[in-house]
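Residues per chain are reported as follows:
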Amino acid sequence: MSDDNGTPDPAAGPRPEPIRFFGTTWVGHTDGYTARRIGVAVGSLAAGVVSCLVLRFAYEGLQIAAVGSLVTVLMTVMFAICSALAFRNTWEGFGKRPDPARQASLRGLLAIGFVGSLLAYFFRSLTEAPGEKLHREEYETAQQLYEKRTKRRSGNPKKRRRS
């Protein structure tokens, strides 16, 4: 899996993991990477705004139903706390691989706090593709390990002089 000069064939080495909406364009920031980042930022912000409007309608529905101020306060606090936890969980997920068991146990909470996840996605997409830093670190580590494994030794080790 190397050419005549002994350099590793990049096609045979590790392949970058695609990121949602970006594919593998994050590796070299090619093929409309900047436009995709702008699109993801605008899209996640727009989805967050629409989500807040939907929550506003739910709040107004509680007001019309006259369920009382306790239920209204509990609902507002629940969405605020769940959104904050979802933001934090999503933000941390951009820097390290999340534990699947923990993610499964938090699925309901994260669904309730979807606004926080959308905002985390928006803020991260202002600086990079969400998850790019983590994927880049893993890809560069895999490349270094691949190069280390495929590096040819020079000369015959039996002919080396012993000191």
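Here's what I pulled together on the structure shown here.

Criteria and thresholds
Residues numbered from 1 in each chain as written. Predicted model: local features only at pLDDT ≥ 70, side-chain atom pairs only at ≥ 80, totals over all residues. Heavy atoms only, no water. Salt bridge = Lys/Arg side-chain N within 4 Å of Asp/Glu carboxyl O. Helix = DSSP H or I, 4+ residues; strand = E, 2+ residues; numbered from the N terminus. Buried < 20%, exposed > 50% of the residue type's maximum accessible area, 1.4 Å probe, protein only. Patch = residues over 30% accessible without salt bridge, like charges linked within 9 Å, V, L, I, M, F, W, Y side chains within 5 Å. Areas by Shrake-Rupley, 256 points an atom, 1.4 Å probe, with all protein chains shown as cover. Phe/Tyr/Trp six-rings, centres within 6.5 Å; stacked < 30°, edge-to-face > 60°. Lys NZ or Arg CZ within 6 Å of the ring centre and 35° of its normal. Expected span 1.5 Å × (residues − 1). Contact = heavy atoms within 4.5 Å.

Turning to the pattern of salt bridges, a few remarks are in order. Counted by the stated rule, this structure contains six salt bridges. A salt bridge links E60 to R56; the shortest N-O distance between them is 3.2 Å. A residue pair is termed a helical-turn pair when its members lie 3 or 4 positions apart in one helix, as E60 and R56 do in helix α1 (residues 33–65) at four residues. Taking the relative accessible area as the measure of exposure, R56 reaches 46% and is therefore partly exposed. Ionic pairing is found between R136 and E132, a salt bridge with its closest N-O pair at 2.8 Å. Taken as a pair, R136 and E132 lie in helix α5 (residues 132–150) at a separation of four residues, close to a single helical turn.

To continue, consider a nonpolar patch on the surface. Among the surface-exposed residues, L45, V49, L53, F57, W91, L119, F123 and L126 lie close enough to one another that they form a single nonpolar patch of about 730 Å² accessible area. Listing elements by their share of the nonpolar patch, those giving two or more residues are α1 and α4 (114–125). Sorting elements by how many residues they give to the nonpolar patch places α1 first, with four residues. Mapped onto the elements of the fold, L119 is located in helix α4. Note on L119: relative accessible area 30%, which makes it partly exposed.

Take the packing of aromatic side chains next. As enumerated under the stated definition, the model contains eight aromatic pairs in all. The structure contains a cluster of three or more aromatic residues connected by ring pairs, namely F21, F87, W91, F94, Y121, F122 and F123. The side chain of R124 reaches across the aromatic face of W91, ending 4.4 Å from its centre.

So, about helix α2 (residues 69–93). One turn of an α-helix holds 3.6 residues; hence residues three or four places apart share an orientation. With 25 residues, α2 ought to run about 36 Å at 1.5 Å a step, and its terminal C-alpha atoms sit 36 Å apart, in line with that. Check the buried side of α2 and you find it contacts α1, α3 (100–112) and α4.

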